[in-house]
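Examination of the molecular architecture
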Amino acid sequence: MDFHAVAPKVYKAVLALDAAARAGLDPVVLELVQIRASQLNRCAYCIDYHTSDARKAGETEQRVYQLSAWEDSVLYTAGERAALALTEAVTLLPGGVPDDVYERAAQHFGEEQLAQLIAVIFTVNVWNRMNVTTRKTPGTE
């Protein structure tokens with residue numbers, strides 16, 4: 001299904017949400033979060049898309065490759081680790097977002113940045129669910 005063609009108002013609304021969510025976030029953190037959520041959701045289209053954007057933002061190949069095992073890697077800052085932990089908690093929602101995960105993110109991001117980070121996480125989950133459900137594959141527009 002070409003979601004954009006079939007439901008253009010919904011698609012445009014998600015684009016607007018995406019643009020609003022990105023405001024003020026570090027581009028590297030933004031892409032790491034979007035790649036990690038896409039990995040968890042098994043969205044090949046978004047993994048491909050955000051990996052490319054991460055490289056454009058200056059991300060290294062090594063950090064992109066190790067992202068699926070970020071907890072065992074020494075390549076990520078404390079703030080990036082907090083953002084990735086929050087990404088996993090919000091994406092998986094295994095009974096809510098643990099207090100310690102939220103508090104760790106709040107230590108690294110001011111209230112406004114934290115709100116933006118949370119918005120990016122739920123927005124990439126919208127994209128993942130849209131693309132996985134409609135079978136969007138890398139290399140398609």
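Residues numbered from 1 in each chain as written. Predicted model: local features only at pLDDT ≥ 70, side-chain atom pairs only at ≥ 80, totals over all residues. Heavy atoms only, no water.

**Details of the pattern of salt bridges**
We apply this condition: Any Lys or Arg side-chain nitrogen located within 4 Å of an Asp or Glu carboxyl oxygen qualifies as a salt bridge. Helix and strand definitions follow DSSP, with helices as H or I runs of at least four residues and strands as E runs of at least two, each counted in order from the N terminus. For every residue, the accessible area (1.4 Å probe, protein chains only) is compared with the maximum for its type, and the residue is labelled buried under 20%, exposed over 50%, or partly exposed between those bounds.
By the definition in use, this model includes 6 salt bridges. The salt bridge involving E88 is made with R36; its shortest N-O contact spans 2.7 Å. Note that E88 is positioned in helix 6 (residues 78-92) and R36 in helix 3 (residues 27-40), a separation of 52 residues in sequence. Neither residue differs from the other here; E88 and R36 are each classed as buried. The residue R55 makes a salt bridge to E61 at a minimum N-O spacing of 2.3 Å.

**What to know about unusual backbone geometry**
With phi around 60°, R42 is a residue other than glycine that occupies positive phi space. Residue placement: R42 occurs in the loop between helix 3 and helix 4 (44-56). Looking at R42, the relative accessible area reads 73%, which means it is exposed. Positive phi, normally seen in glycine, also occurs at R135, with a value near 65°. Note on placement: R135 falls in the segment after helix 8 (111-133). We classify R135 as exposed; its relative accessible area is 68%.

**With respect to the packing of helix 3 against helix 6**
Selection rule: The axes used here are C-alpha line fits, helices contributing only the stretch in contact, and every angle between their N-to-C directions lies in the interval 0 to 180 degrees. Put simply, a crossing is left-handed when the front helix is turned counterclockwise from the back one by less than a right angle, and right-handed when it is turned clockwise. The contact criterion used throughout is that any non-hydrogen atoms of two residues lie within 4.5 Å.
The contact between helix 3 and helix 6 brings their axes to 9 Å, and the two run at 35°. Helix-helix and strand crossings are classified by hand; for helix 3 and helix 6 the assignment is right-handed. Only E80, A83, L84, T87, E88, T91 and L92 of helix 6 make contact with helix 3, whose side of the interface consists of V28, V29, L32, V33, R36, A37 and L40.

**Focus: the environment of Y76**
The cut-off we apply is this: Pairs of N or O atoms within 3.5 Å make up the polar contacts considered here, provided that, within protein, one atom can donate a hydrogen while the other can accept it, and that residues adjacent in sequence are counted only when both atoms are side-chain atoms.
You can see Y76 is positioned in the loop between helix 5 (61-66) and helix 6. The sequence separation of Y76 and L15 amounts to 61 residues, and the corresponding C-alpha distance is 29 Å. Within polar-contact distance, the side chain of Y76 engages the backbone oxygen of R63 at 2.2 Å. Looking at Y76, its side chain comes within polar contact range of the main-chain nitrogen of L67, at 3.1 Å.

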